[in-house]
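# Chain and residue survey
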Amino acid sequence: MNGHDVLRSREEVRPRVAPFLEPGESLDVVIPASSRPGRAVRAAAATVWPFFHEKDRYLLVATDRRWLVLESSHEQVRGDLSQRAAFGRAIEVSTSWVTRFDGFDQPYAIDPVHELWAVAANDALRARGAGESWDLASAAHSLNAADDDSTTEALGDLVMRAGRFIPRRKR
């Protein structure tokens, strides 16, 4: 993954989130999120309780002015969106295999797969805080994920391997 994946993702979802933006407000990044615990905990729970499933129905939307929490009427953000909450933009987000991020109306888990999305949101916050302008299209080539520690990497590898043996729900 690279910064251009973050840019492409933002542009794909832009038509769905545009109605929630104020006039003149610019869209920084849109991060998928879950109200359930981190991916490692969800994978472990699914092995012992087969009815446990993800509720990935939230989008954390960073703009140049604020954060929006949008909720989908269906899982995997496939349904109609509604605004759940709005917060000041001075919130930094983080990803985790295990824990949820506390900072909005409820704890949200941001999958480490979306680490570059979180990096982009935090870079925009820091740049604007320093009085600099920021735009994802210009910054995409320089976005880099922070190196995770070896324990987190090992846990992530284990979860991904174990996940192959967990049956998927039928749709």
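Summary of the structure given here. (Residues numbered from 1 in each chain as written. Predicted model: local features only at pLDDT ≥ 70, side-chain atom pairs only at ≥ 80, totals over all residues. Heavy atoms only, no water.)

## Topic: the sheet that holds strand β3 (residues 66-72)
As a reminder of what qualifies: At least two bridges found by DSSP between two strands is the condition for calling them paired. We count a stretch as a helix when DSSP gives it H or I for four or more residues in a row; a strand needs E for two or more, and each element gets its number in order from the N terminus. Only C-alpha atoms enter the line fits that serve as axes; for helices the fit covers just the stretch in contact. Angles between N-to-C directions range over 0 to 180 degrees. Residue contacts are defined here by distance: any two heavy atoms, one from each residue, within 4.5 Å place the two residues in contact.
The sheet built from 4 strands is open, its strands ordered β1-β2-β3-β4 with antiparallel pairing. The outermost strands of the open sheet, each flanked by one partner alone, are β1 (27-33) and β4 (81-88). Each strand of the sheet is rotated relative to its neighbour by a mean of 20°, with strand direction disregarded. Pairing geometry for β3 and β4, over 7 bridges, is antiparallel. Bridged to Leu70 within β4 is Gln83. Against the sheet, helix α3 (residues 115-129) touches β1, β2 (58-63) and β3, its axis set at about 145° to β1.

## Observations regarding the environment of Arg84
Inclusion rule: Pairing of N or O atoms within 3.5 Å defines a polar contact, subject to two protein rules: one partner must be a possible hydrogen donor and the other a possible acceptor, and residues neighboring in sequence count only if both atoms are side-chain atoms.
Structurally, Arg84 can be placed in strand β4. Sequence-wise, Arg84 and Ser72 are 12 residues apart; in three dimensions their C-alpha atoms are separated by 9.6 Å. What Arg84 contacts, discounting residues up to four positions off in sequence, is Tyr58, Val69, Leu70, Glu71, Asp105, Gln106 and Tyr108. Within the structure, the side chain of Arg84 is placed 3.3 Å from the side chain of Glu71, a separation counted as a polar contact.

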